[in-house]
Every structure is written in C-alpha cells, then in structure tokens.
Amino acid sequence: MSNMSRRNFVKMASAAIAGVSLTGLSGLVSGCGAKAADSKTSAASATNANKASVQASDKAKVYFTKHIDAEHLQKLYEKVNSEISGKVAIKLHTGEPHGPNILPRDMVQAFQSHVPNSTIIEANVAYGGPRSTTKQHRETLQTNGWTFCPVDIIDEDGDVNFPVKNGLHLKEVAVGGHLANYDSLVVLTHFKGHAMGGFGGSLKNIAIGCASGKKGKLQVHGVQDYGKWVMGGLFMELMADSGKAICDHFGKNITFLNVMRRMSVDCDCAGTSAAEPVIPDIGILASTDILAIDQASIDLVYNFKDSRKNDLIERIESREGLRQLSAMKELGMGNDQYELIEVE
C-alpha cells in the first residue's frame, strides 16, 4: 500500500472579501446602540452585558485580513507569536513539482526572513512519486524554488514516536525525527481542499505533514491498523489524534496561519493535475488555537456569497471533512467559539 502512486492516491479519493459575509460567523459580536430604559431594564441589560463580556473572553482570538501579501502575513503573525522562541520550525507544504497553487515563494521568503532562527520543515510522502525519498524530495524543492533558506526534511534520518494522550484511536504517532530538535512550531498553511480530508487546514498540515513517510503517514491514513487507506470520519479522527500529539508536544510554543488563496478542491500534493480553483481568494487568518482557526476558515468558505457553484463545500461534505473539527473539539484541542478580529 505504501507504494501507491500520487495519481492513484488522488484518484482514489477523488474579489476575495467582497464575496464573504462576516455576519453569522460563530465568533462575530456586533454592537448595538444604547436606549433609555427604566432601572429594572438597565439592571437586566447590565447583567446581560456582563454575561456577554464573560462569554467573549472565553472565545479564542482569530485575526483576519483580506490582504494576501508578505506585509500582512507578518502583521498577523506578530499578533500571535509571543510564545514562539528558540529554534523555530515553519511547517509548510512545498508541493509537487510545478504545483500551480502552492504559496508564493517571495511571500514565504519575506516571512521566513523575519522569524529568527527559523527553518522550513517538510516530511517525505507515503504514496510514491517525486517526494517519496529524501533525494527526490530535495530535487523537487529545487524545482519549486524553495532555495532561499534551509529546508529540513524531518524524517530524513527516521522517525520518533510522539504519544497521543487519550486519543480516539492512536496511542502514538511516528513523526519525522528532526521535529524533536525544535523549540517552537509555526504552522504556515495553504488552506484548500483535499482529496481524502475534504479540506486541508492547519490540522492536516501537521497531522499528515509532520508524520514520517515510511511509518507515521501510514498510521494516520489507517494503513497500519486497518490494512487499507481509510476514508470518511475515521480518517478525520486519525488526523485529529496525530495533530493532538504534535500540539501537546509543543504546548504554547505553536501558532497557526491559514492562507486562503487559490483554494482548489485538490491538495498541493496533486501537483499540476489539481483542479483550477473556483472560489476566489479570501484572506489570511492567524491564531494560537488550531480548532478556532480551522473553524473560522471553514465558516468563511461557507459564508461566501457568490452565484458560482462552491465546489469546495461539496468536496468537504462528500469526504465528511467537518468531522475534523468535531474530533478536535472532543480531544480538547481548542475552542470552536472565536472572535474574528479584522486587521487592515
């Protein structure tokens, strides 16, 4: 099963903010004008205001900008990077050769240069093709222009087991061995669709992306325990288990950025065969809460108002992709109630 080709892997699962309605998102709180009222009404209003204040404080903060460029990527990162220190890994999907939808190299380069002591990290894949071995993977990195800083292929020298505390299925997951060498993790995600997961957000970026190619990815895809590449809700739960192990390992020293541009229904692992995006670009989000940022990204997709067919929603629902969110909530990985804070 581990020799599955990328083509068969994909086949198997087979004006930006102007179109986005921010009203109705779970984290948005709208203000209201004050009116004259009697003392009883005023007291009740004060009580309700206090309750609302407490509820608001319980929400995760998710920062959002409609501007997709290096300046705003850095601006959002500075809102959430207070716990990032020491040797920093930037987890990025660097893509198959000539992938048309990967994050712009110049934007990532400018961002990486502002993160002290940082290195881009990747891991080999399990489905064959040009990123299945370290040698081929490095050639692909050259092809795609990831040459401006070191790229650490974290499973080049094997893997290490991270425990999954109170997981839904997994007891441990094998991640690239070099991951343990870093003090902090910045999860820089190209948010898009995914052939098996429905969507690829911050969870997918670490849960599959940090798992080792020879072992960890087979655990997350169910091959090790079920003898086949699993689909649907079970796959989402396995991803959540893997993501929890990585989040637990880094604790507060992890933060998340979702870049919502060129959102094909296909992952960047589809390379040049990825479907052309239908939904326009939306923006960038940042948070220290993995569930909140993926929930907010999904809400932005679902609240997108456009006459065109939203193929991304169809992909998400056909793969039971929303189970990623509920599984993370069950595992206590974050808060699905958030405050969306727009940054100009």
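No experiment lies behind these values; they were computed from the predicted model shown. Residue numbers run consecutively from 1 along every chain, following the written order of its sequence. Predicted model: local features are reported for residues with pLDDT of at least 70 only, side-chain atom pairs are reported and counted for 80 or more only, and whole-chain, interface and lining totals are derived from all residues. Each side-chain value is worked out from all heavy atoms of the structure, with water and hydrogens disregarded.

### With respect to the pattern of salt bridges
For step 1, the next point in the chain: Salt bridges are identified by distance alone: a Lys or Arg side-chain nitrogen within 4 Å of an Asp or Glu carboxyl oxygen. Inspection of every chain in the model, using the stated rule, returns 11 salt bridges.
For step 2, the next point in the chain: For the salt bridge of Arg-131 with Glu-122, the shortest nitrogen-to-oxygen distance reads 3.7 Å.
For step 3, the next point in the chain: Only protein chains enter the accessibility calculation, which uses a 1.4 Å probe; a residue whose area is less than 20% of its type maximum is buried, one above 50% is exposed, and one in between is partly exposed. Given a relative accessible area of 3%, Glu-122 falls into the buried group.
For step 4, the next point in the chain: For Glu-276, the salt bridge goes to Arg-262, with nearest N and O atoms at 3.2 Å. With Glu-276 in the loop between β10 (254–260) and β11 (283–287) and Arg-262 in the loop between β10 and β11, this pair connects stretches of sequence that are 14 residues apart.
For step 5, the next point in the chain: Overall, the relative accessible area of 55% leaves Glu-276 in the exposed class. Each helix is a run of DSSP H or I of at least 4 residues and each strand a run of E of at least 2, with the numbering of both proceeding from the N terminus.

### Some remarks on empty space enclosed by the protein
For step 1, the next point in the chain: With a 1 Å grid spanning the protein atoms alone, the term cavity applies to any set of points in which a 1.4 Å probe fits but cannot get out, the term pocket to an open set with protein on both sides within 12 Å along at least five of seven lines, and the term lining residue to any residue with an atom within 4 Å of a point. Grid points are joined across faces, edges and corners, and a volume is the space filled by probe spheres set on the points. For the largest cavity, the calculated volume is near 180 Å³.
For step 2, the next point in the chain: As for the largest cavity, its lining consists of 19 residues, and the residues nearest its centre are Val-125, Arg-131, Lys-204, Ile-208 and Lys-217.

### Considerations on the sheet that holds strand β2 (residues 88–91)
For step 1, the next point in the chain: Taken together, 8 strands build an open sheet; the order of strands is β4-β3-β2-β7-β10-β11-β1-β12 and the sheet is mixed. The open sheet has two edge strands with one neighbour each: β4 (151–153) and β12 (338–342). Averaged over all pairs of adjacent strands, the angle between strand axes in this sheet comes to 25°, irrespective of strand direction.
For step 2, the next point in the chain: The pairing criterion is simple: DSSP has to find at least two bridges between the two strands. The sheet contact formed by strand β1 (residues 60–65) and β11 spans 3 bridges and is antiparallel. Each residue of the ladder has a partner; that of Tyr-63, found in β11, is Ala-286.
For step 3, the next point in the chain: The criterion used for residue contact is that any of the two residues' heavy atoms lie within 4.5 Å. In this description, a line fitted to the C-alpha atoms serves as the axis of each element, helices being fitted only across the stretch in contact, and the angle between N-to-C directions of two axes falls anywhere from 0 to 180 degrees. Strands β2, β3 (118–122), β7 (184–190) and β10 of the sheet are contacted by helix α4 (residues 105–113), whose axis makes an angle of about 165° with β7.

### Thoughts on the environment of Leu-168
For step 1, the next point in the chain: Take Leu-168: it is sitting in the loop between β5 (159–163) and β6 (172–176).
For step 2, the next point in the chain: Residues Leu-168 and Leu-238, 70 residues apart in the sequence, show an inter-C-alpha distance of 7.4 Å.
For step 3, the next point in the chain: Once you skip the residues sitting within four places of it in the chain, Leu-168 turns out to touch Glu-237, Asp-241, Arg-323, Ala-327, Glu-330 and Leu-331.

### Some thoughts on the nonpolar core
For step 1, the next point in the chain: Grouped together as the largest cluster of nonpolar side chains are 70 residues, with contacts concentrated most on Leu-185 and Leu-285.
For step 2, the next point in the chain: A total of 9 residues in this core trace back to one element, the largest contributor, which is helix α9 (residues 232–250).
For step 3, the next point in the chain: What we call a nonpolar core is a set of buried Ala, Val, Leu, Ile, Met, Phe, Trp, Tyr and Cys residues that are connected through their side-chain atoms within 4.5 Å. Of all hydrophobic cores here, the second largest spans 28 residues; its members include Ile-84, Trp-146, Val-151 and Val-259.

### Some details on the packing of helix α10 (residues 290–302) against helix α12 (residues 323–330)
For step 1, the next point in the chain: The geometry of α10 relative to α12 is characterised by a closest axis approach of 10 Å and an angle of 155° between their N-to-C directions. It follows from the interaxial angle that α10 and α12 lie roughly antiparallel. Judged by the twist between their axes, the crossing of α10 over α12 is left-handed. Across the interface between the two elements, Ile-290, Leu-291, Asp-294, Gln-295 and Ile-298 of α10 pack against Leu-325, Met-328 and Lys-329 of α12. In what follows, roughly perpendicular refers to angles from 65 to 115 degrees, roughly parallel to angles under 35, roughly antiparallel to angles over 145, and oblique to any angle outside these ranges. Note on convention: near helix rotated counterclockwise from far helix by under a right angle means a left-handed crossing. Clockwise means right-handed.

### Observations regarding the layout of surface pockets
For step 1, the next point in the chain: The volume enclosed by the largest pocket comes to roughly 200 Å³.
For step 2, the next point in the chain: Along the walls of the largest pocket sit 14 residues, with Cys-247, Gly-251, Ile-254, Thr-288 and Met-333 positioned nearest its centre.
For step 3, the next point in the chain: Among the elements of the structure, α9 and β10 are those that each provide at least two residues to the lining of the largest pocket.
For step 4, the next point in the chain: Take the lining of the largest pocket: its biggest share by element is 3 residues, from α9.
For step 5, the next point in the chain: Ten residue types, Ala, Val, Leu, Ile, Met, Phe, Trp, Tyr, Cys and Pro, are classed as nonpolar, four, Asp, Glu, Lys and Arg, as charged, and the remainder, Gly among them, as polar. The residue inventory of the lining of the largest pocket, partitioned by class, reads 6 nonpolar, 4 polar and 4 charged.
For step 6, the next point in the chain: Approximately 160 Å³ is the volume found for the second largest pocket.
For step 7, the next point in the chain: Around the second largest pocket sit Asn-124, Val-125, Ser-132, Thr-133, Thr-134, Asp-155, Glu-156, Gly-158, Asp-159, Ser-212, Gly-213 and Lys-214, which together line it.

### Quick word on unusual backbone geometry
For step 1, the next point in the chain: Look at Asn-117: it is not a glycine, yet its phi comes out positive at around 55°.
For step 2, the next point in the chain: Mapped onto the fold, Asn-117 is located in the loop between α4 and β3.
For step 3, the next point in the chain: We note that Glu-320 has phi near 60°; this positive angle belongs to a residue other than glycine.
For step 4, the next point in the chain: For Glu-320, a relative accessible area of 46% corresponds to the partly exposed category.

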